[in-house]
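# Overview (structure and organization)
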Amino acid sequence: MAGHEVAPQTGPRSLLAQLDTQPRVRAFLQRAVESGRASHAYLFVGAPGAGKLDAAWALAQALICPHGGCGACEACVRVARHTHSDVHYLAPESATGYLIGQTRDLIDEVALAPIRAAHKVYILDRADQLRANSANSLLKTLEEPPEDVTFILLGTSSDTILPTIVSRCQCVPFRMVSPVEAAAAVCRSTGLPQERCRMAVAVAGSPTRAIEFLKSAERQEARRAMLRAIDSLAHADEADVLSAAKGLIKAVKAPLADVERTQKAVLERDADYLSRGALKQLEERNKREITARERSGIMEVLASARSLLRDALIALEHAPGGVVNTDAQETVGRLVAATGTAGVLAALDAVAEAEQAVRHNVTPQLAFEVMLLDIRKALSCPS
Ligand SMILES: [Zn+2]
């Protein structure tokens, strides 16, 4: 396992300390943790890219760490790697939102004692997708969770979340963060050139995820595979497109091998003192975690495609802001030479449709194939 993942040269910093773009949220959460008066249920609200998920992992780290979030101990490293067995991340598992079975499993799980730490944290992403049927069973748990449990719900606005949920949570508003600001935070943290940080934010979505992306050779390679796939579409036949889609899936899955190894090691080590039921539950959750990570990898390469096409649009329209994918200027140049604004817009639609398809549980391979074929068609129509 690569050593650089554990501690950058500057020494480990807690995730909370890294929340540069949300200083008020950071101060608020720090006070709550230090005073020992953290709420049992938080609702983080703000626009996409505001860093709500980053903050959720940061709060989880501070609550799980025996030293209040030192950033350096084993618990902190595990939370930062999203492999701590007492921090649970949930996202809606169907196109229509959270499944009833999902919240039912969650409630069962909440009642169990923590595995490693003295505390358990549940992060519920896109809480606006907790519809009445899946949410009702959760309300009682949200109101009176066991002592050692904290819920962190994430949503874009409290207006789109069931009022019965909102009223049971402490609401924490997040300010809007522009991509430029987010990139500046990544630069400060990594010391890498501004262009690379801007690209990483465009692909990964938030500063913390951008920093992780820049540390992962495999995730960056998956992005490059997508850029190459689009670049070669002009001369690709159907078989080429299918094989490009296959290659993209392989590239997205590459970083998962490391996670699977970690999961296996944890399982083997804990096998002796966990009950059969708890082991089964852990295995189940590991599987879900791999699915969730694979999906987020897919969304990341789709974001790479969108970012590249946006660059082409900016170049075509001579719009201000400049190209984000400076390492792919030649590709952008070829796209601009081959097509016009209408073609690039149609290609961007194809990316949006692929994102939608993946959210609706279409197999990623099929979503990539359809998208690449649609982009090929879009780009071959001269404006
Ligand atoms: Zn720690």
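Positions within a chain are numbered from 1, following the residues in the order the chain's sequence is written. pLDDT decides what is reported in this predicted model: residues at 70 or higher carry local features, side-chain atom pairs at 80 or more are listed and counted, and totals for whole chains, interfaces and linings draw on all residues regardless. Heavy atoms from the whole structure form the basis of all side-chain values; hydrogens and water molecules are not counted.

### A short note on the domain arrangement of the protein chain
Stated precisely, the cut-off is as follows: Segmentation of the chain into domains, including their bounds, is taken from an automatic or database domain assignment. Any two residues having at least one pair of non-hydrogen atoms within 4.5 Å are treated as being in contact. The term buried area refers to how much accessible surface (probe radius 1.4 Å) is lost by two components on association, counted for both of them together. The term salt bridge refers to a side-chain nitrogen of Lys or Arg lying within 4 Å of a carboxyl oxygen of Asp or Glu. Counting from the N terminus, the helices are the DSSP runs of H or I reaching at least four residues and the strands are the DSSP runs of E reaching at least two. Following the grouping adopted for this structure description, the nonpolar residues are Ala, Val, Leu, Ile, Met, Phe, Trp, Tyr, Cys and Pro, the charged ones are Asp, Glu, Lys and Arg, and the polar ones are all others, Gly among them.
Domain annotation of the protein chain identifies domain 1 (3-173) and domain 2 (216-380). Of note, the centres of domain 1 and domain 2, computed from C-alpha atoms alone, are 26 Å apart. Each side of the interface is counted separately: domain 1 has 17 residues, and domain 2 has 16 residues. With both sides pooled, the region where domain 1 packs onto domain 2 buries about 1400 Å², and carbon together with sulfur makes up 41% of that total. The tally of links between domain 1 and domain 2 comes to 1 salt bridge. A salt bridge links Arg 269 to Glu 74; the nearest nitrogen and oxygen atoms lie 3.6 Å apart. Going through the elements one at a time, α3 (74-80) and α4 (100-110) are the ones with two or more residues in the side of domain 1 that touches domain 2. Its residues assigned to classes, the side of domain 1 that touches domain 2 shows 3 nonpolar, 6 polar and 8 charged.

### Observations concerning the packing of aromatic side chains
For the record, the criterion: For Phe, Tyr and Trp, rings pair up if their centres lie within 6.5 Å, where Trp contributes its six-membered ring, and each pair is then called stacked (planes under 30 degrees apart), edge-to-face (over 60) or tilted (otherwise). Partly exposed describes any residue whose relative accessible area lies between the buried limit of under 20% and the exposed limit of over 50%, with all areas from a 1.4 Å probe on protein chains only and scaled to the type maximum.
As enumerated under the stated definition, the model contains 4 aromatic pairs in all. With 6.2 Å between their ring centres and 55° between their planes, Tyr 42 and Phe 44 make a pair best called tilted. Taking the relative accessible area as the measure of exposure, Tyr 42 reaches 0% and is therefore buried. Residue Phe 44 is classed as buried on the basis of its relative accessible area of 0%. Aromatic side chains Trp 57 and Tyr 89 sit 6.5 Å apart centroid to centroid with 25° between the ring planes, which places their arrangement in the stacked category. Of this pair, Trp 57 sits in helix α2 (residues 52-64) while Tyr 89 sits in strand β2 (residues 87-90), placing them 32 residues apart in sequence. A relative accessible area of 31% places Tyr 89 in the partly exposed class.

### A word on the side chain of Lys 120
For clarity, the threshold we go by: Polar contact is defined as a pair of N or O atoms within 3.5 Å, subject to the rule that within protein one atom must be able to donate a hydrogen and the other to accept it, and that residues adjacent in sequence are counted only when both atoms are side-chain atoms.
If you trace the backbone, Lys 120 turns up in strand β3 (residues 120-124). Using a relative accessible area of 1% as the deciding quantity, one classes Lys 120 as buried. At a separation of 2.5 Å, a polar atom in the side chain of Lys 120 contacts the main-chain carbonyl oxygen of Leu 112. Those residues within four positions of Lys 120 in sequence are excluded, and the remaining contacts are Asp 86, His 88, Glu 109, Val 110, Leu 112, Ala 113, Pro 114, Asp 148, Val 149 and Thr 150.

### Points about the coordination of the zinc ion
The line we're drawing: Each metal's donors are the N, O and S atoms found within 2.8 Å of it, except that Na, K and Ca use a 3.2 Å limit; water is left out, so coordination can look incomplete.
Looking at the metal site, the zinc ion is ligated by Cys 65 (SG), Cys 70 (SG), Cys 73 (SG) and Cys 76 (SG), spaced 2.3 to 2.4 Å from it. Positions of the donor residues of the zinc ion along the chain correspond to the pattern C-x4-C-x2-C-x2-C. Take Cys 65: its relative accessible area is 5%, and that puts it in the buried class. With a relative accessible area of 31%, Cys 70 lands in the partly exposed category.

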